[in-house]
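Structure assessment
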Amino acid sequence: MMAFELQMYQICRTLERHGQQCSFSREVENKFHEKAWEEGRLKCRGLFHEANGFLNVSLVEAGKVRTQKEPKLLIRFTKDVHKNDKVTVGDSAYKVIGIDDLGNLHLCLDLSLEAI
């Protein structure tokens, strides 16, 4: 149990020290059945980083295959984030396309993002 508390403390300190303020919003329907964004659904600090995308290519198709960096955001674990939510990090807006609970420990989430 002590190791879990230590890991949680280290993640919280890293996010507070190096993280950026993030704001999540979700697409909803208003009373006129128009799509709108529910702003301020969740506000937290997150650590923005990029990872290489993965491709599964056989040797026959190999030639020149280039991978593009995939934007990601590391946040503390929460159940309030869903796919297709919009997140604003600094001046940039992204759509959440993937959610990964690292190690299924409920410590933090690594969100895969797509620029809007």
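Let me begin by describing the structure that accompanies this report.

About the cut-offs
Residues numbered from 1 in each chain as written. Predicted model: local features only at pLDDT ≥ 70, side-chain atom pairs only at ≥ 80, totals over all residues. Heavy atoms only, no water. Pairing = 2+ DSSP bridges. Helix = DSSP H or I, 4+ residues; strand = E, 2+ residues; numbered from the N terminus. Axes fitted to C-alpha atoms, helices over the stretch in contact; angles between N-to-C directions. Contact = heavy atoms within 4.5 Å. Core = buried A, V, L, I, M, F, W, Y, C linked by side-chain atoms within 4.5 Å. Buried < 20%, exposed > 50% of the residue type's maximum accessible area, 1.4 Å probe, protein only. Salt bridge = Lys/Arg side-chain N within 4 Å of Asp/Glu carboxyl O.

Taken in spatial order, the six strands close into a barrel running β1-β2-β3-β6-β5-β4, and their pairing is antiparallel. Neighbour to neighbour, the strand axes of the sheet diverge by 45° on average, direction disregarded. Here seven bridges tie strand β5 (residues 92-101) to strand β6 (residues 108-115), and the two strands are oriented antiparallel to one another. Pairing of Ile99 across the sheet is with Leu111, part of β6. Relative to the sheet, helix α1 (residues 2-18) contacts β1 (20-29), β2 (35-52), β3 (69-76) and β6, its axis offset from that of β2 by approximately 100°.

What follows covers the nonpolar core. One finds Cys22, Phe24, Leu73, Ile75, Val87, Leu111 and Leu113 to be the most contacted residues of the largest nonpolar core, which totals 14 residues. In terms of residue count, β6 provides more of this core than any other element does, three residues in total. Every residue in contact with Leu113, bar those within four places of it in the chain, is listed here: Phe48, Glu70, Pro71, Lys72, Leu73, Val87, Tyr94, Lys95, Val96 and Ile97.

The subject of this paragraph is the pattern of salt bridges. Counted according to the given criterion, the structure contains three salt bridges. Residue Asp85 is joined to Arg26 by a salt bridge in which the shortest nitrogen-to-oxygen separation is 2.8 Å. Placement of Asp85 in the loop between β3 and β4 (86-89) and of Arg26 in strand β1 is noted, with a sequence separation of 59 residues between them. For the pair Asp85 and Arg26, one class covers both residues: buried. In this structure, the salt-bridge partner of Glu114 is Lys95, at a minimum N-O distance of 4.0 Å. Residue Glu114 is found in strand β6, and its partner Lys95 is found in strand β5; the two are separated by 19 residues along the sequence.

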